[in-house]
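Chain by chain, the residues run as shown.
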Amino acid sequence: MNAQLHPRADTAEAHVVVAGVSKVFATGGREVVALQDIDLRIPRGQFVCLLGPSGCGKSTLLNAIAGFALPSAGMITADGQLVTAPGPERGMVFQEYALFPWMTVEDNVAFGLEIKRQPKAQILATVDELLHMLSLADFRHRYPKDLSGGMRQRVAIARVLALDAPIMLMDEPFGALDALTRRNLQDELLRLWAELKKTIVFVTHSIEEAIYLADRIVVMTYRPGTVKRDLVVPLPRLRDPAAPEFNALKRELGQLVMEEQQRHHNDELRMAAVD
Ligand SMILES: Nc1ncnc2c1ncn2[C@@H]1O[C@H](COP(=O)(O)OP(=O)(O)OP(=O)(O)O)[C@@H](O)[C@H]1O
């Protein structure tokens, strides 16, 4: 094993490895332990949801995998490489779309490829394919402001897919969408995932969304963020949220998330009393 690697970082057969990861933030003279000693091994092609109430460290963990904010302790590897910064094997989709408002849909999708100085014809072919794949072809000359939230998120997904990263990191990407659009994009994402065989780490605080999408759900605890439960979703796709098995799992996860929400609530009350 590489001498740099964490003792728990056996990277064999795992696409993303999180080994002994902790993250401490220092704010206003206080230390917040956002993550504590997290271990996760994510096989290639797995769809993993990180689930938990607000403040349990989901985004902190995703940002650490993305290389935006490195852990205070432990280590992460992606595609066999130690994560020390953002890299081409990891693409990130945010909740707020992160599109360039002055660029058309097709220019937004092409942007990353132009930065990489790919030949013009190749860029056009990739953009064309993605616009068709995500039902955006009729909107290619529009600007983000002229699109609905769902369409904007399609563009954001197309933009990340253009770079062909094998690992997709998604931070509540459908959190701002109405229920119908959200279900639509969830189905679209499942289709793309099955077709393109990406590894996906998807943050959500929606229990139903996690059960609908994931192969595996990692429930996190509130401060410090640890792994409370790591379970495989045994239901075949496409899943029916009205099915008894779906609801049984929803109840089980609901109980776990509720416990953490309660801890969050108690913490807020305690802080208010101190102030
Ligand atoms: N840059 C930062 N500085 C200080 N504290 C931070 C910072 N980023 C996150 N935190 C704290 O770390 C903890 C975890 O935050 P994080 O945003 O990862 O949680 P989350 O589960 O993603 O929540 P949400 O769903 O609300 O985004 C929280 O208590 C938060 O206040």
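Reading the values: the criteria
Within each chain, residue numbers correspond to sequence positions counted from 1 in written order. In keeping with the predicted nature of the model, local features appear solely for residues at pLDDT of at least 70, side-chain atom pairs appear and are counted solely at 80 or more, and the whole-chain, interface and lining totals rest on all residues. UniProt positions are given in the numbering used here, feature names are shortened, and annotations may be inferred rather than shown by experiment. Residues are classed as near a molecule or strand if the C-beta position derived from their backbone is within 6 Å of it. In this text, helices come from DSSP runs of H or I with a minimum length of four residues, and strands from runs of E with a minimum of two, each type numbered from the N-terminal end. Exposed residues have 12 or fewer other C-beta atoms within 10 Å of their own C-beta, buried residues have 20 or more, and partly exposed residues fall in between, where C-beta atoms are placed from the backbone. Residues of type Ala, Val, Leu, Ile, Met, Phe, Trp, Tyr and Cys that are buried and joined through C-beta atoms within 7 Å form what is called a nonpolar core. Any residue pair is listed as a contact if its two C-beta atoms, each placed from the backbone, are within 7 Å. Pairing between two strands is assigned when DSSP locates at least 2 bridges connecting them. To get an axis, a line is fitted to the C-alpha atoms, and for a helix only the part in contact is used. The angle between two axes follows their N-to-C directions and goes from 0 to 180 degrees.

- By the naming in an unreviewed UniProt entry, the protein chain goes by NitT/TauT family transport system ATP-binding protein and is assigned to Pseudoduganella lurida.
- In its Sequence similarities (unreviewed entry) section, UniProt records this for the protein chain: "Belongs to the ABC transporter superfamily."

Observations regarding the site of the ligand
Alright, step 1. The immediate surroundings of the ligand are formed by 14 residues, with Phe25, Ala34, Ser54, Ser59 and Thr60 found nearest.
Alright, step 2. Listing elements by their share of the shell around the ligand, those giving two or more residues are β1 (14-27), β2 (30-43) and α1 (58-66).
Alright, step 3. The greatest single-element share of the shell around the ligand, amounting to three residues, is contributed by α1.

Some remarks on the environment of Ala64
Alright, step 1. Tracing the sequence through the fold places Ala64 in helix α1.
Alright, step 2. Among the residues examined, Ala64 registers 25 C-beta atoms within 10 Å and is labelled buried.
Alright, step 3. When the C-alpha positions of Ala64 and Asp230 are compared, they lie 19 Å apart, and in sequence the two are 166 residues distant.

Focus: the UniProt feature "domain: ABC transporter" (unreviewed entry) in the protein chain
Alright, step 1. UniProt tags residues 16-247 as "domain: ABC transporter" (unreviewed entry).
Alright, step 2. Helix makes up 33% of residues 16-247 and strand 28%. Its end C-alpha atoms lie 30 Å apart.

Overview of α1
Alright, step 1. Taking burial as the measure, the nine residues of α1 include nine buried ones, the bulk of the element.
Alright, step 2. Along α1, the positions that sit buried rather than exposed are Lys58, Ser59, Thr60, Leu61, Leu62, Asn63, Ala64, Ile65 and Ala66.
Alright, step 3. Gly67 sits one or two positions beyond α1 and adopts a positive phi of about 90°.

Description of the nonpolar core
Alright, step 1. Grouped together as the largest cluster of nonpolar side chains are 73 residues, with contacts concentrated most on Val48, Leu50, Leu51, Ile65, Ala158 and Val201.
Alright, step 2. With eight residues, the top contributor of residues to this core is helix α4 (residues 149-162).
Alright, step 3. Leave out the neighbours within four places in its chain, and Val48 touches Ile42, Ile200, Val201, Phe202, Ala214, Asp215, Arg216 and Val218.

Section: the sheet that holds strand β7 (residues 167-171)
Alright, step 1. Taken together, the six strands give an open sheet; going across it, the order is β6-β7-β8-β3-β9-β10, and neighbouring strands pair in mixed fashion. Taken across any chain shown, the strands that pair with only one partner, and hence form the sheet edges, are β6 (90-93) and β10 (227-232). Pairwise comparison of adjacent strand axes, ignoring direction, gives a mean angle of 15° for this sheet.
Alright, step 2. Across four bridges, the pairing between strand β3 (residues 47-51) and strand β9 (residues 216-220) is parallel. By the bridge assignment, Val48 is partnered in β9 with Arg216.

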